Amino acid sequence: MDIDIGISTRDRALSADALQKLLADTYALYLKTHGYHWNVEGPHFQQLHALFMEQYVEMWNAVDELAERIRALGKYAPSSYSEMALLSSVKEEAGQPDWQAMVTNLAEGHQEVAKSARQVLRVAEEIGDDATADVVTPRITLHEKSAWMLRATTK
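What this report covers is the structure whose coordinates are included nearby. Quick caveat, the model's predicted, so the values are computed rather than measured.

**Description of the pattern of salt bridges**
(1) Moving on: Enumeration over the complete set of coordinates arrives at nine salt bridges.
(2) Moving on: Between Lys21 and Asp25 there is a salt bridge whose closest N-O contact spans 2.8 Å. Taken together, the positions of Lys21 and Asp25, both in helix H1 (residues 9–39) and four residues apart, correspond to about one turn of that helix.
(3) Moving on: Classification of Asp25 by relative accessible area gives buried; the value is 0%.
(4) Moving on: A salt bridge links Arg118 to Glu144, with the shortest nitrogen-to-oxygen separation between them at 2.5 Å. Taken together, the positions of Arg118 in helix H4 (residues 99–127) and Glu144 in helix H5 (residues 130–153) put the pair 26 residues apart, joining distant regions of the chain.
(5) Moving on: Assessed through its relative accessible area of 30%, Arg118 is described here as partly exposed.
(6) Moving on: Residue Glu144 is classed as partly exposed on the basis of its relative accessible area of 38%.

**What to know about the packing of H4 against H5**
(1) Moving on: Two elements in contact, H4 and H5, have axes separated by 8 Å at closest approach and are oriented at 155°. With respect to each other, H4 and H5 are oriented roughly antiparallel. In the packing of H4 onto H5, the handedness of the crossing is left-handed.
(2) Moving on: Of the residues that constitute the contact of H4 with H5, the class distribution is 15 nonpolar, seven polar and four charged.

**Digging into the packing of aromatic side chains**
(1) Moving on: Using the criterion set out here, one finds five aromatic pairs in the structure.
(2) Moving on: Ring geometry for Tyr30 against Trp60: centres 5.3 Å apart, planes inclined by 40°, an arrangement best described as tilted. Residue Tyr30 is located in helix H1, and its partner Trp60 is located in helix H2 (residues 45–72); the two are separated by 30 residues in the primary sequence.
(3) Moving on: The exposure class assigned to Tyr30 is buried, which follows from its relative accessible area of 10%.
(4) Moving on: Under the relative-accessibility criterion, Trp60 is labelled partly exposed at 46%.
(5) Moving on: Put simply, the rings of Tyr27, Tyr30, Tyr56, Trp60 and Tyr81 pair up and form one aromatic cluster.

**Here we look at the environment of Phe45**
(1) Moving on: Relative to the elements of secondary structure, Phe45 occurs in helix H2.
(2) Moving on: Sequence separation between Phe45 and Trp99 is 54 residues; the distance between their C-alpha atoms is 8.1 Å.

**A short note on H4**
(1) Moving on: In a regular helix each residue adds 1.5 Å, so 29 residues correspond to 42 Å; H4 covers 42 Å between its end C-alpha atoms and thus fits that length.
(2) Moving on: Following H4 by one or two positions, Gly128 has its phi on the positive side, about 75°.

**Quick word on the nonpolar core**
(1) Moving on: Residues Leu19, Leu22, Leu23, Leu48, Phe52, Val136 and Leu150 are the most contacted members of the largest nonpolar core, which totals 40 residues.
(2) Moving on: Looking at this core, the elements with two or more residues in it are H1, H2, H4 and H5.
(3) Moving on: Per-element tally for this core: the top contributor is H1, with 11 residues.
(4) Moving on: Non-local contacts of Leu48, meaning those with residues more than four positions away in its chain, are made with Val40, Trp99, Val103 and Thr153.

Basis of the calculations
Residues numbered from 1 in each chain as written. Predicted model: local features only at pLDDT ≥ 70, side-chain atom pairs only at ≥ 80, totals over all residues. Heavy atoms only, no water. Salt bridge = Lys/Arg side-chain N within 4 Å of Asp/Glu carboxyl O. Helix = DSSP H or I, 4+ residues; strand = E, 2+ residues; numbered from the N terminus. Buried < 20%, exposed > 50% of the residue type's maximum accessible area, 1.4 Å probe, protein only. Axes fitted to C-alpha atoms, helices over the stretch in contact; angles between N-to-C directions. Parallel < 35°, antiparallel > 145°, perpendicular 65-115°, else oblique. Left-handed = near helix turned anticlockwise from the far one by under 90°. Nonpolar A, V, L, I, M, F, W, Y, C, P; charged D, E, K, R; others polar. Phe/Tyr/Trp six-rings, centres within 6.5 Å; stacked < 30°, edge-to-face > 60°. Expected span 1.5 Å × (residues − 1). Core = buried A, V, L, I, M, F, W, Y, C linked by side-chain atoms within 4.5 Å. Contact = heavy atoms within 4.5 Å.

Structure representation (structure tokens):
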């Protein structure tokens, strides 16, 4: 059945492509945050363990909403680690960083995701994709706030 939601096929593809990158960035940051939750050590263990859990649970829920929006636009969501890695700008680290590096890495990751979400918003606004704009606007706010909270932790 054809998709007829008031957005052209070309514009739906533009929006979905931008969402795929945001999904990959969110998923990569989710994985990193979850791993840090498991492995954090140091004087702020309890605080960071709880903060990382709060953040990864939120992102876990977000990836589903992003993927479903991609599907509503008529494209397939990336669904493998390799696809996510190709699309994502969130960097992986080798080894086991200390708690301070974890906090810094996650702050940088949230900033990257906020930038990706802002790019999706620009595309959505340009093509009149209000539903996608509604999905990504709160993501920008959340990731900017998360980055700020993590930056404040390193002071």
